[in-house]
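Here is what each chain is made of, one letter per residue.
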Amino acid sequence: MGVPATLSELDSLQATMNQALDALREEIKRNELPDLSNYAQEPHPLDDARFVCPSRLYEARRLALATIGQLKSLLQQPYEKVVEQSCAVYDTATLDILVKTGVLDRLADRELTPVEGAHVQDLQKALDLDAMKLTVVLRYLAAQGWLHEPREGVFALTRPALELRQGRNGRKWIMTPGKPKVAQSLLTQITHAEHEWRYSRQADQTAFQLSHASPLTLFQWLKQRPAELTQWASSVQSLGDAYHSAIMNDIPWRRFDGCTFVDCGGGQGNLSIALSEILPNSRFVVQDLPEVMPIARSNIACNAPSGRVIAEPVNFFDVQPLSGKGLIYLLRYILHDWPDHACIAILKNITRVAHPTSRIVIVEVISAPNTMSRQVDEHVTLDDLKDAATHRPITAPAFIPSNFGVTAKMSLALGVHMMGVFNALERSAREWKVLLGKAGLRVVKIHPLRGMVSAIECEPMVLGHGGPANGKESM
Ligand SMILES: C[S@@+](CC[C@H](N)C(=O)[O-])C[C@H]1O[C@@H](n2cnc3c(N)ncnc32)[C@H](O)[C@@H]1O
């Protein structure tokens, strides 16, 4: 069931919204999930990264959110949109204040704060913060759904804010500073007086160097600051954990059980650790820079004591030391950190040693354009996903862009950040295919996931048939 393309934009979006919400409600009922509430005291199952969201429910939610975004643009007064967006830096600043002043922990602590919330005067007394200024900050956050104000001056956490509590992925992410600083130098990066800088693809000619008054790349800079490195690693880990169930369930891993996995730039090793739980006959080698080894090894010792997961220092700009029949090379959130020439160097260091039976699995964002084109190989609707065993994304209906508009904002924002810190980028399916071809890889299958990322499964091209070039690649 689709929306007729002849409807006006408003009628069409309303019809799409109704379809999305009807499907969402049906799926909540069919899967015996609790009702959604902004005021719940506990996260909803849908908020849990380990929850395997039924495909139709996942897509209905995505469609509803995309429609809300399109409706907002349609209806909002443009001048107000300008002011709202230009003030968006305060979104970051106020959320930082909520977490870093201790207000959030206080509101989350049931022994100190009742369910109905805390008065700003009580917060002033407890935290020595000006109640008047706190009200300005908290009301701004309340308008965006982080808090609610049951009585004037009394604030309580909403369900989304529970993600900012200690130990949650949202907390790990928000504690890593630097984005506003990088953002402030982005204009200078793009309009730099020197042509070489303006068109640079180097990781040491970015807003990061400009804003941090340092010639070092982010990774070199972090190497000198172990505390920042640990915090940064934790935020990257949170991103991986956020799509845990999608990565575990939407990629057919089990056919690889018994193979050895090489987790290139594997960080703390969480992907390998999670895979070792579902692949009991496989071994995993987590490779990363020497300075990451202590964090990786202690994480592995705690969470994968079986001995099937090990960590070893390997620079991915050197030729891959491990090769052999059926080895699976994993690269999760690696290539989006690097410009094309560096990605080709990293991948060629694998393809030049990889056995033809090896697979290279790349987990990354595939960024769809914002076009309204609906020329697709297969038209998929919400109705097609009833009881679907495998996940398929639906086709964007009329007046919804192919990247589902605002639902792509998180990955597009990360793309802007990657450009600001590495001169790197998120790539479209077409750009991925070209890049991988240059590195001597053929795409076997793209697995769409119930999350921001996809998995691109590749195999090495046969040497002599457009295969990888010989000779050591380096930066
Ligand atoms: C964005 S993190 C991704 C970590 C991990 N793959 C994951 O999904 O959680 C990028 C990783 O690449 C590692 N890295 C950066 N430069 C590297 C290099 N030259 N050789 C090996 N690893 C490197 C970093 O230390 C970091 O752990």
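Residues numbered from 1 in each chain as written. Predicted model: local features only at pLDDT ≥ 70, side-chain atom pairs only at ≥ 80, totals over all residues. Heavy atoms only, no water.

Peer 1: I would appreciate a short explanation of the overall build of the protein in the present structure.
Peer 2: The secondary structure content of the protein amounts to 20 helices and 10 strands. In terms of C-alpha radius of gyration, the protein reaches 24 Å, essentially the compact-globule figure of 23 Å for 475 residues. For the C-alpha atoms alone, the extent of the protein along its principal axes is close to 70 × 55 × 55 Å. Taken across its 475 residues, the protein has 48% of its residues classed as buried. Taking as baseline every contact in the protein between residues at least 6 positions apart, the subset at least 24 positions apart corresponds to 68%. (Helix = DSSP H or I, 4+ residues; strand = E, 2+ residues; numbered from the N terminus. Rg over C-alpha atoms; globule rule 2.2 N^0.38 Å. Buried < 20%, exposed > 50% of the residue type's maximum accessible area, 1.4 Å probe, protein only. Contact = heavy atoms within 4.5 Å.)

Peer 1: What is the right way to look at the site of the ligand in this model?
Peer 2: Taken together, 17 residues lie around the ligand, and Gly265, Asp288, Asn315, Phe316 and Arg332 are the ones closest in. Separating a nitrogen atom of the ligand from a backbone N or O atom of Phe316 is a distance of 2.9 Å. For the ligand, whose free accessible area comes to 590 Å², the fraction covered by protein is 93%. Of the residues assigned to the shell around the ligand, the class counts are 10 nonpolar, 4 polar and 3 charged. (Near = heavy atom within 4 Å. Polar contact = N/O pair within 3.5 Å; in protein donor to acceptor, adjacent residues only side chain to side chain. Areas by Shrake-Rupley, 256 points an atom, 1.4 Å probe, with all protein chains shown as cover. Nonpolar A, V, L, I, M, F, W, Y, C, P; charged D, E, K, R; others polar.)

Peer 1: Explain the pattern of salt bridges to me, please; I cannot follow it from the model alone.
Peer 2: A side chain with one charge can pair with a side chain of the opposite charge if their charged atoms come near. Considering all chains together, one arrives at 20 salt bridges under this definition. The partner of Asp130 in a salt bridge is Lys133, and the shortest N-O contact between them spans 3.8 Å. For Lys133, a relative accessible area of 54% puts it in the exposed group. The partner of Glu149 in a salt bridge is Arg139, with the nearest N and O atoms 2.6 Å apart. Of this pair, Glu149 sits in strand β2 (residues 147-151) while Arg139 sits in helix α7 (residues 131-143); the two residues are 10 residues apart in sequence, bridging distant segments of the chain. Taking the relative accessible area as the measure of exposure, Arg139 reaches 38% and is therefore partly exposed. Connected via shared salt-bridge partners are Glu26, Glu27, Arg30, Arg56, Asp383 and Asp387. (Salt bridge = Lys/Arg side-chain N within 4 Å of Asp/Glu carboxyl O.)

Peer 1: Help me understand the side chain of Ser234 in this model?
Peer 2: Structurally, the position occupied by Ser234 is in helix α14 (residues 226-242). In this structure Ser234 comes out as buried when scored by relative accessible area, which is 16%. Here Ser234 is in contact with Lys172 and Gln268, once residues within four sequence places are set aside.

Peer 1: Explanation requested: the pairing of strand β9 (residues 441-448) in the structure shown.
Peer 2: Here β9 pairs with strand β10 (residues 454-460) via 7 bridges, running antiparallel. From the neighbouring strand, Val443 faces β10, where its bridge partner is Cys458. Here β9 folds back onto β10 in antiparallel fashion, the turn holding 5 residues. (Pairing = 2+ DSSP bridges.)

Peer 1: Looking at this structure, I do not really get the confidence of the model for the protein. What am I missing?
Peer 2: It should be kept in mind that the predicted coordinates are not to be read in detail where pLDDT is low. Averaged over every residue, the pLDDT of the protein is 92; the share at 70 or more is 96%. In this model, residues 464-475 is a region of pLDDT below 50 whose contacts with residues beyond four sequence positions or in other chains number 29 contacts. (pLDDT = per-residue confidence, 0-100.)

Peer 1: Just to check I follow, could you spell out the environment of Leu385 for this structure?
Peer 2: Relative to the helices and strands, Leu385 resides in the loop between β8 (359-364) and α19 (409-422). On the basis of relative accessibility, which here comes to 1%, the residue Leu385 falls in the buried class. In sequence terms Leu385 and Arg56 are 329 residues apart; their C-alpha atoms lie 5.1 Å from each other. Residues in contact with Leu385, not counting those within four places in the same chain, are Ser55, Arg56, Glu59, Val380, Arg392 and Ile394.

Peer 1: Help me understand the domain arrangement of the protein, please; the structure alone is not making it clear to me.
Peer 2: Accessible area lost upon the coming together of the parts is a frequently used measure of interface size. What the domain assignment lists for the protein is domain 1 (79-173) and domain 2 (176-368 + 403-475). Facing the 4 residues of domain 1 at the interface are 12 residues of domain 2. Summed over both partners, the interface of domain 1 with domain 2 buries about 710 Å², with 55% contributed by carbon and sulfur atoms. Interface area lost by domain 1 to domain 2 is led by Asn169, Lys172 and Trp173, which between them contribute 85%. The interface formed by domain 1 and domain 2 holds 0 salt bridges in total. For the side of domain 1 that touches domain 2, the element with the most residues is helix α8 (residues 169-174), which contributes 3 residues. Grouping the amino acids of the side of domain 1 that touches domain 2 by side-chain chemistry returns 1 nonpolar, 2 polar and 1 charged. (Domains from an automatic or database assignment. Buried area = accessible area lost by both parts, 1.4 Å probe.)

Peer 1: Please clarify how a nonpolar patch on the surface should be interpreted in this entry.
Peer 2: A contiguous nonpolar patch, built from Leu10, Leu74 and Leu75 and spanning about 270 Å² of accessible area, is present on the exposed surface. Mapped onto the secondary structure, Leu74 falls in helix α2 (residues 55-75). Judged by its relative accessible area of 34%, Leu74 is partly exposed. (Patch = residues over 30% accessible without salt bridge, like charges linked within 9 Å, V, L, I, M, F, W, Y side chains within 5 Å.)

Peer 1: Could you clarify how one ought to interpret the packing of helix α6 (residues 120-127) against α7 in this entry?
Peer 2: To describe two helices that pack against each other, one gives the angle between their axes and the distance between the axes. Running from amino to carboxyl end, α6 crosses α7 at an angle of 120°, the nearest separation of the two axes being 9 Å. Relative to α7, the element α6 lies oblique. Relative to α7, α6 is oriented so that their crossing is right-handed. Taken together, the residues of α7 that come into contact with α6 (itself represented by Val120, Gln121, Leu123 and Gln124) are Ala131, Leu134, Thr135 and Leu138. (Axes fitted to C-alpha atoms, helices over the stretch in contact; angles between N-to-C directions. Parallel < 35°, antiparallel > 145°, perpendicular 65-115°, else oblique. Left-handed = near helix turned anticlockwise from the far one by under 90°.)

Peer 1: What should I look at first to understand the packing of aromatic side chains in this one?
Peer 2: Ring pairs (aromatic) are described by centroid distance and by the angle formed between their planes. Applying the stated criterion across every chain yields a total of 11 aromatic pairs. Judged by centre distance (5.5 Å) and plane angle (85°), the rings of Phe208 and Trp221 are edge-to-face. On the criterion of sequence distance, the pair formed by Phe208 in helix α12 (residues 207-212) and Trp221 in helix α13 (residues 218-223) is long-range, its members being 13 residues apart. You'll find Phe208 and Trp221 in the same group, each marked buried. Pairing Phe316 with Phe317 gives two aromatic rings, centres 5.3 Å apart and planes at 70°, and the pair type is edge-to-face. Taking the relative accessible area as the measure of exposure, Phe316 reaches 18% and is therefore buried. Taken together, the ring pairs in this structure connect Phe219, Trp232, Phe316, Phe317, Trp338 and Phe422 into an aromatic cluster. (Phe/Tyr/Trp six-rings, centres within 6.5 Å; stacked < 30°, edge-to-face > 60°.)

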